[in-house]
Amino acid sequence: MKYAMLIPFLPLAAFLINILFGRFLLKDRAHIVAIAGVFASFVLSVAVFIQVAGGATMNSDLYSWISSGGFRVSVGFLIDPLTAVMLIVVTTVSLLVHIYSIGYMHGDPGYYRFFSYLSLFTFSMLMLVTGNNLLQLYFGWEAVGLCSYFLIGYWYQKQSAADAGKKAFIVNRFGDFGFGLGVILVFLVVGSIQYSDIFASVGSLQGKTFPLFGYEVDLITLIALLLFCGAVGKSAQLPLHVWLPDAMEGPTPVSALIHAATMVTAGVFLVARFNPLFSLSPTAMAVVAITGAATSLFAATIALVQNDIKRIIAYSTCSQLGYMFLACGVGAFGAGIFHLYTHAFFKALLFLGAGSVMHAMAGELDIQKMGGLKKHMPVTYWTFLLASLSIAGIPGLAGFFSKDEILWMAYNGGMIGKIVWVVATIVAGLTAFYSFRIIFLAFHGSFRGTHEQEHHLHESPSVMTVPLAILAVGAVGAGWIGIPQALGGGNWIAHFFEPVLGHPHVHGTHAEEYMVMGISILAAALGIGTASYFYVMSPDMPKRLTERYKQIHTVLWNKYFVDELYDAIIVRPTKWVASTILVGFTDAKIIEGIVNGVPSLIQSFGMKLRKLQTGYLQHYGIVLIFGLFVLISIAFIAGTKTH
Amino acid sequence: MPIPMEWYLGLGGVIFAVGMFGFLVRRNMFVMLLSIELMLNAVNITMVTFSHYLNDLRGQIFTIFIMTVAAAEAAIGLAIIVTLFRNKATIQADEIKEMNG
Amino acid sequence: MILQAFFWYFAITMPIFAFLVISRKNPVHCVLWMLVFSIHSAALFLFLNAEFLAAVELILYAGAVLVLFIFVIMMMSMKEELAGELVIGEWPIAAALSIGVVLMFFFGVSNFAKGPSGPYTIEAIKAETNTRALGKLLFTEYLFPFEVASLILLIAVVGAMVLAKRKD
């Protein structure tokens, strides 16, 4: 199975070729190289998946990266069921997004640059999921963050895009700081950063404490929470969710690949990968579950009132990621990853569908200005509808099985589990509502945009609709590998994950499971029904509600004022410190003082020293003879001493 | 009673020091060149002295080479002085100080 | 006794001549004192059994180098050059340094340990004559340095012409 090591490096090769030769040689043929690289990775990933499904695993080092004392880091690969599923998710979505981008980015001046970044991102993400040690994970982690920054700010001429890129990067710093500390702490207490060593020694760490600010903190909880910090940043959970909606400034294929299907799920992957550690700390698990549930409710409520199609889907992503954390938090790591896997298909589909709509609407994002697109772009409509049904949790589709698995596991997860189950069910209803709000506002009714836009409406080229169709197949069928036993399925995926992620003890009966399922279906139906009532049957209803509950609407419309809050307590004080203390004092007085002072000191010294060079031949002669005199005297003295 | 070798060596040393002094203090470049010739002569005396007292002709061979180099050096040095005088209209060493800092 | 008397004559007069060479204001006088010094130097070589070198000293210095000096001095009109200061202002430093060097030489010479004696004793040279012995050595053992020395002289001849030639 050594060929698995090739998987990350093929996109890297594509990146190198494109970045070196793309500008002058490949130009608008850059996609050929990129797609070839990703396609090869995809094929290898499928092969790996088949082998892993047959029971094979691999954990081997490619080469030694850093070796310093007891600190050893190698570039190594760990292929197990978790990695295999992540490989499939990453390479499939990446491949489809690459193909879709041929149409979407056609004619863009930075075409080769876009494909270079996509390849680099794919490489980084694959390194992240295949690594067998924490540092390689960290490398991939930071590299995907970097690519995300590149791609959000891809249209760097646009101020808002450049700002969004910076915001994503800086907000992620907060989380990554904790993650970095976590890695260091792991090395400190375990003495190794190889997964196998860490998991082998977690048992012995149990009950140990670590002194922190004068308090003795439970070691495992501390490590888990520090690692979770990174996950919170990368996966846009409360309170570091603010970057994700802004990241929609990037090109839509990027939103689909990075900010929906793959990179943002890295946090979930991290928690799942470290499940042996998290499982040992009830505190950490509770934190994970509550953070997930809170984010999922919080983001879903914001999504209810937004009008920007990409932002709605972005908040939906936040909310669904909350779902995955919630699952991890109640111990159902397998269910979380299962949802990650199905979510990748329907969320990528939603984004690519939105991109297709934007393509037709000449960049228009406001769903209030759309309407009636159904007859102009049928493929987009039907695939978008399938994705919405899937995310809403309509039985038979992918989203239903994964969501139901999570709800069922939460229901069985004790006291906290019950609370998050209630929250998750409410969120399921909200999800159905806002998903169908898009459908009804954008695709049904009559067109509300300008006449010019209406004239321009058209279905996207097949290079864009084919990936939509393929993803739609995934959105429908991806969940069939996890049909629960209560519905007569084998829940194959849960057994597949069992060696790595374990299987939580379930004591509920089938009857209870049917009840949980029924409630979630009811919630979804209620959400869809309400959406249809609001936006199809009585279109003036939302307006009336808005006026009646003006305060609530204002809060939701402004996303709970989180951005304003951060601006007031973090951004402005930081800027004040930067401009007043750092620029005004440190930089102007201290740094520039040193930078200018040292050379001027040397210069003045040199000016004085320069006088030594009189230019008089005799002066040089005198100095020369004097030096000779001294040297010979030393030789004499040394000579007499040895005799 | 033969003359001790050290006396000759001392004589060479004194002449060398005089030549060196001349080189260091005189402003006139002709005299500086002559001072160099003095120093070389002092060395020649030393070499021949060694040759005589150590019964070895190598000292004299060295002297021949030193004289060769001295002649070459005098020719080149005088040519330089001529060129210098043509360009700067002076042969005073301390009036040529373009290299001062 | 007579040998020592002669030596003391040289030991007293040669430093004086040397000092006269460096202390005369007019360069022509310096060259003439240098001529006197060279003749004494040649005579001293005779005392040291170096007849060939004595002859070379006379021919080379008195006959060639010093005549060259005189020619060059005559070529230039140095009226105003003779008006200025004789020595630079820092001459006391140089004087102290020179005295220090002399003392160092004396110290070194007084601690001198003679090396092993070579094969060319006075009797051996007398049997062969000084010039013949020197010539044999020069054209056998020191042939290569001898050729290099001739090359140096060639370069000096060409270099002197190139440097002194008017560019026009």
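Counting from 1, residues in each chain are numbered in the order their sequence is written. All chains are assigned letters beginning at A, and all ligands numbers beginning at 1, according to the order in which they are written. Per-residue local features of the predicted model are confined to residues with pLDDT of at least 70, and side-chain atom pairs are confined, for both listing and counting, to 80 or more; whole-chain, interface and lining totals are unaffected and use all residues. Calculation of side-chain values draws on the structure's entire complement of heavy atoms; hydrogens and water are dropped beforehand.

**Q** Quick one: what's the story with the pairing of strand β3 (residues 209-212) of chain A, residue by residue and with numbers?
**A** Whether two strands pair depends on DSSP finding at least two bridges between them. Where helices and strands are cited, they refer to DSSP runs of H or I of at least four residues and of E of at least two residues respectively, numbered from the N terminus. Both β3 of chain A and strand β4 (residues 215-218) of chain A contribute to a ladder of four bridges, which runs antiparallel. By the bridge assignment for β4 of chain A, phenylalanine 210 of chain A is matched with valine 217 of chain A.

**Q** Give me the environment of arginine 113 of chain A: which residues, what numbers.
**A** Residue and element names in this part refer to chain A. Here arginine 113 lies in helix α4 (residues 111-130). Remark: exposure states derive from per-residue accessible area (1.4 Å probe, protein chains only) relative to the maximum for the residue type, with buried under 20%, exposed over 50%, and partly exposed in between. By relative accessible area, arginine 113 is classed as buried at 16%. Spatially, the C-alpha atoms of arginine 113 and arginine 23 are 7.8 Å apart, while their sequence positions differ by 90 residues. Once you skip the residues sitting within four places of it in the chain, arginine 113 turns out to touch Tyr154 and Tyr156. A polar contact of 3.4 Å, which involves the side chain of arginine 113, links it to the backbone oxygen of tyrosine 154. Contacts are assigned to residue pairs with any non-hydrogen atoms lying within 4.5 Å of each other. In the analysis that follows, any N or O atom pair within 3.5 Å is treated as a polar contact, provided that within protein one partner can donate a hydrogen and the other can accept it, and provided that, for residues neighboring in sequence, both atoms belong to side chains.

**Q** Break down the interface of chain C and chain B for me, with residues and values.
**A** Chain C puts 89 residues into the contact, and the matching count from chain B is 71 residues. In this description, buried area is defined as the sum, over both parts, of the accessible area (probe of 1.4 Å) that is lost when the two are combined. For the pair chain C and chain B, the two sides together bury roughly 7200 Å², of which 78% comes from carbon and sulfur. For this document, the term salt bridge refers to a Lys or Arg side-chain nitrogen within 4 Å of an Asp or Glu carboxyl oxygen. At the junction of chain C with chain B, the criterion picks out zero salt bridges. At the boundary of chain C and chain B, one finds 15 residue pairs in polar contact (both at pLDDT 80 or more). Counting only elements with at least two residues in the side of chain C that touches chain B, the list comes to α1 (2-23), α2 (27-47), α3 (51-75), α4 (91-110), α5 (122-128), α6 (130-140) and α7 (143-164) of chain C. Its residues assigned to classes, the side of chain C that touches chain B comprises 68 nonpolar, 13 polar and eight charged. Three categories are distinguished: nonpolar for Ala, Val, Leu, Ile, Met, Phe, Trp, Tyr, Cys and Pro, charged for Asp, Glu, Lys and Arg, and polar for the others, with Gly belonging to the last.

**Q** Explain unusual backbone geometry residue by residue, including any values.
**A** For the peptide bond that leads from leucine 238 of chain A to proline 239 of chain A, omega is 0°, which places it in the cis range. Structurally, proline 239 of chain A is set in the loop between α8 (219-234) and α9 (243-246). Although it is not a glycine, asparagine 55 of chain B sits at a positive phi angle of roughly 55°. Examined against the element boundaries, asparagine 55 of chain B turns out to sit in the loop between α2 (29-53) and α3 (58-88). The residue alanine 89 of chain B is not glycine, and still its phi comes out positive at about 60°. By the element assignment, alanine 89 of chain B lies in the segment after α3.

**Q** Hey, could you go over helix α13 (residues 282-305) of chain A for me, with residue numbers and the actual values?
**A** In this model α13 of chain A runs 36 Å from its N-terminal to its C-terminal C-alpha over 24 residues, within 8% of the 34 Å that 1.5 Å per residue would give. Burial analysis of α13 of chain A places 18 of its 24 residues in the buried class, the great majority of the element. Working rule for helices: expected span equals 1.5 Å times residues minus one.

**Q** Before we move on, could you go through the packing of aromatic side chains and cite the residues and values that matter?
**A** Residues and elements named next belong to chain A. Here a Phe, Tyr or Trp ring, Trp counted by its six-membered ring, pairs with any other such ring whose centre lies within 6.5 Å, and the pair is stacked when the planes are under 30 degrees apart, edge-to-face when over 60, and tilted otherwise. Per the stated rule, a full pass over the model turns up 48 aromatic pairs over all chains. A centroid spacing of 6.1 Å and a plane angle of 40° characterise the contact between phenylalanine 9 and phenylalanine 123, whose relative ring orientation is tilted. Pair noted here: phenylalanine 9 is in helix α1 (residues 6-26) and phenylalanine 123 is in helix α4, with a separation of 114 residues, a long-range link. On the accessibility criterion, phenylalanine 9 (26% relative accessible area) is partly exposed. Centroid distance tryptophan 492 to phenylalanine 496: 4.8 Å. Interplanar angle 15°. Geometry classified as stacked.

**Q** Which residues make up the packing of α1 of chain A against helix α2 (residues 30-53) of chain A, and what values go with them?
**A** All names here are of chain A. Where α1 contacts α2, the two axes come as close as 8 Å, and the packing angle between them is 175°. It follows from the interaxial angle that α1 and α2 lie roughly antiparallel. In this structure, α1 contributes Leu6, Ile7, Leu10, Pro11, Ala14, Ile17, Asn18 and Leu26 to the contact, and α2 contributes Ala30, Val33, Ala34, Gly37, Ala40, Ser41, Leu44, Ser45 and Val48. For the contact of α1 with α2, the per-class residue count stands at 13 nonpolar, four polar and no charged. A fitted line through C-alpha atoms represents every axis, and for helices the fit uses only the stretch in contact; the resulting angles, taken between N-to-C directions, go from 0 to 180 degrees. Note on terminology: angles under 35 degrees are roughly parallel, angles over 145 are roughly antiparallel, angles of 65 to 115 are roughly perpendicular, and the others are oblique.

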